[in-house]
Every structure is written in C-alpha cells, then in structure tokens.
Amino acid sequence: MRIDFVKMQGAGNDYLYIDNLADRYDNVDWGTLSRRMSDRHFGVGADGIIAIFPSHIAPFRMRMWNADGSEGRMCGNGMRCFARYLYDRGLVRETEFPVETLAGLMVPRIIVEDGRVRAVRVDMGRPILEPEQIPVIGLGNEPIIEQPLEAEGHSWPATVVSMGNSHVVVFTHEVDNVPLADWGPKLEHHPAFPERTNVEFARVNPDGSIRMRVWERGSGHTLACGTGACATLIAAYLTGRSGRRARLELDGGAVEVEWDSDDRVYLTGPAEEVFTGVYQLEEKE
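Along each chain, the written sequence defines residue order, and numbers are assigned to residues from 1. Local features in this predicted model are restricted to residues of pLDDT 70 or higher, and side-chain atom pairs are both shown and tallied only at a pLDDT of 80 or more, whereas totals for entire chains, interfaces and linings draw on every residue. As a rule here, side-chain values cover all heavy atoms of the structure and leave hydrogens and water aside.

### Details of the nonpolar core
Buried residues of nine kinds, namely Ala, Val, Leu, Ile, Met, Phe, Trp, Tyr and Cys, make up a nonpolar core once their side-chain atoms join them within 4.5 Å. Between buried and exposed lies partly exposed: a residue is buried under 20% and exposed over 50% of the maximum accessible area for its type, with that area taken using a 1.4 Å probe on protein chains only. Phe-82, Leu-248 and Val-257 are the most contacted members of the largest nonpolar core, which totals 54 residues. Top element by residues in this core is helix H4 (residues 226-238). It accounts for seven residues. The contact partners of Phe-82, leaving out residues within four places of it in the chain, are Tyr-17, Ile-50, Ala-51, Ile-52, Phe-60, Arg-61, Met-62 and Val-99. One finds Leu-139, Val-170, Ala-192 and Trp-215 within the second-largest nonpolar core, a separate group that totals 21 residues. The helix count covers DSSP runs of H or I at least four residues long, the strand count covers runs of E at least two residues long, and both are numbered beginning at the N terminus. Should any heavy atoms of two residues lie within 4.5 Å, those residues are counted as being in contact.

Following this line, the structure appears as structure tokens:
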C-alpha cells in the first residue's frame, strides 16, 4: 500500500501527516505504521505520525501516534502543524477553527502577516492539577507542587501537570547536563503514573525566559513538546519562578506560552513543512 505523507515540524518536534478524510487508510494498523515510518534508519524518521480524520463535532479530528506506536491524546506542536497543513491546502478558509482530539476540542489560530503564515497560536484549554484526573497515584490528593519523587535512590522535586497528557516538571540549574536518556525512562515509567508520563527538566533564566528539555512519553528525547512547554510554564508560575507568560527555549527552537486569567493556556510558535513523500507499506511476516 502506498501512503502519501507530509513531514512537518514545530520547533524541531517532527511528525508525518497523513490525510485520511476519505477513509483511504482505514484498514491500516496505525500503531504499527507509526513505528515503521518513524524509524530514523529504516523509515522516514519522525517523532510519530498524525492523521487527519473527519469529525462529528468539529471540522476535523486529529489523532496522533508516538514513535513507539502508542496513541497520544494531544500534541501542541503537532496541532500547530496540523492547522497549517489544513490551511495551506485550502481545506479550511478560516484562520481559527476547532479540532477534535482525545484531550477534547482544541482551537488553533493561524497568524498571517503580509499573506504569509508567521506562526500558529493554539488554545490548549485548562490545565489539570488534580492527581486523580491526571492520573497519578500514591502522592496524595492535593496538587503535586515540588513534591519529592523518589526514583532509584534519587529524589526529584516534581510538579505534576496535565494538559490532556501527563507531565512531570523538575527545575534544576543543571538542565543541560541532566542525562535524559537515563532519567527520562525511569520517570516516564515511574509507578506513580499508571499511564506513564512526559518528563521536563527546566530552568528559569534571569531574563524570565525558561530553558527546557523534554523526554516525551512514547518517543524519548525530542527537540520540543508543546504540551510540555505549557506544563513547564504552569509549574514555573505555581512555584513562584515565573509570571503567567514566558518564552520557552527548547532544544529545537522557541515557543511562547501564556496562562491567561481565564485559566486557559495559549501556545504560540512555528509550524513548517519539511517535505512530501510516499511510503511503501509492505506486509511483514
């Protein structure tokens, strides 16, 4: 089977976009497809795949699968690229529209200047801080703000936030020296998180910007994570390190995050097309 795709990236977080509005690929095992296509040696190479489906409650439905084949609930960088994909191909004329996701309705707004798309802003919804809704177990019933999280003899000051998917945020001055490949998996699979979790290590700089690195659930070390950037800004505010708006400096670029007075979180950043292609899906024994 031939699979048409478009590779896009937002701050280095790269996904392969597949148009399934006409149910062309409904017989595909999406998890297996994501594992194969995302492989950076034997596939196309990406942090996962994002497919465009029809929706009964919005103009479009976005589904995403991580590089390991697990399905994610939401992706902020992926949503920005999703919106630009639709806009650039004339599938929408509006610059603001709702999109159905497993984390609920998200509303991207395409910022156009001088006839060109300059950025995409996404209403990411309200953060979730209640442990039972995240979910997180064994750490109490109150919001988890810089609470010790024990892992293999080490204690991390963890703040836990959900933006439709779970995030553990740890502030450290040594953010650039943290061995993500070591501690990322240990915290992702910590028994406190029955559905696993994303992990961010961060530092608030003297100018108010926030340096952040991420271990993404199901994909490993990625250059950026939109929901992770939102969770990190919220954690910085809750711990008294930041105001309600900041520039987040990620490994792959920068995004702007604002936690507005209406309790909604807004993510603004780039969304760029890299290339188009055709993947030949062959059945394996």
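### Re the pairing of strand E3 (residues 48-53)
Where burial is concerned, most of E3 is hidden: six out of the six residues are buried. A two-sided burial pattern is seen for E3, the buried positions comprising Gly-48, Ile-50 and Ile-52 on one face and Ile-49, Ala-51 and Phe-53 on the other. Two strands pair if DSSP finds at least two bridges between them. Where strand E2 (residues 13-19) lies against E3, four bridges are found, and the strand directions are parallel. Bridge pairing in E3 links Leu-16 to Ile-49. Once the chain exits E2 it traverses helix H1 (residues 30-38) before rejoining the sheet at E3, and the crossover so formed is right-handed. As paired strands, E3 and strand E4 (residues 60-66) are joined by six bridges and run antiparallel to one another. When the strands point away from the viewer, a crossover counts as right-handed if the route from the first strand across the helix to the second turns clockwise.

### A short note on the pattern of salt bridges
Salt bridge, as applied in this entry: a Lys or Arg side-chain nitrogen positioned within 4 Å of an Asp or Glu carboxyl oxygen. Under the criterion given, the structure shown has 19 salt bridges. We note a salt bridge from Asp-14 to Arg-40, for which the minimum N-O separation is 3.0 Å. Linking Asp-14 in strand E2 with Arg-40 in the loop between H1 and E3, this pair joins segments that are 26 residues apart in sequence. Given a relative accessible area of 7%, Asp-14 falls into the buried group. Judged by its relative accessible area of 47%, Arg-40 falls in the partly exposed class. Here the salt bridges do not stand alone but share partners, grouping Asp-176, Arg-203, Arg-211, Arg-213 and Asp-251 into one network.

### Quick look at the environment of Gly-69
Examined against the element boundaries, Gly-69 turns out to sit in the loop between E4 and strand E5 (71-72). Spatially, the C-alpha atom of Gly-69 lies 16 Å from that of Trp-215, the residues being 146 residues apart in sequence. Not counting chain neighbours up to four residues away, the residues in contact with Gly-69 comprise Gly-31, Ser-34 and Arg-35.

### Focus on H1
Where burial is concerned, most of H1 is hidden: eight out of the nine residues are buried. Trp-30, Gly-31, Thr-32, Leu-33, Ser-34, Arg-36, Met-37 and Ser-38 are the residues of H1 that are buried. Those residues of H1 that are buried lie in contact with strand E1 (2-10), E2, E3, E4 and strand E18 (272-280). By the N-cap criterion, in which a side-chain oxygen at the helix start approaches the backbone nitrogen of a residue two or three places on, H1 is capped by Asp-29, the distance to Gly-31 being 3.2 Å. In protein, a polar contact requires one atom able to donate a hydrogen and another able to accept it; more generally it is a pair of N or O atoms within 3.5 Å, and residues adjacent in sequence count only if both atoms are side-chain atoms.

### What to know about the side chain of Asn-20
Its place among the elements puts Asn-20 in the loop between E2 and H1. Relative accessible area serves as the criterion here: at 0%, Asn-20 is assigned to the buried category. A polar contact is formed between the side chain of Asn-20 and the side chain of Asp-26, at a distance of 2.9 Å. Those residues in contact with Asn-20, other than ones at most four positions away along the chain, are Tyr-25, Asp-26, Trp-30, Ile-52, Phe-53 and Pro-54.

Take it as geometry only, folks, not as evidence of what the structure does.
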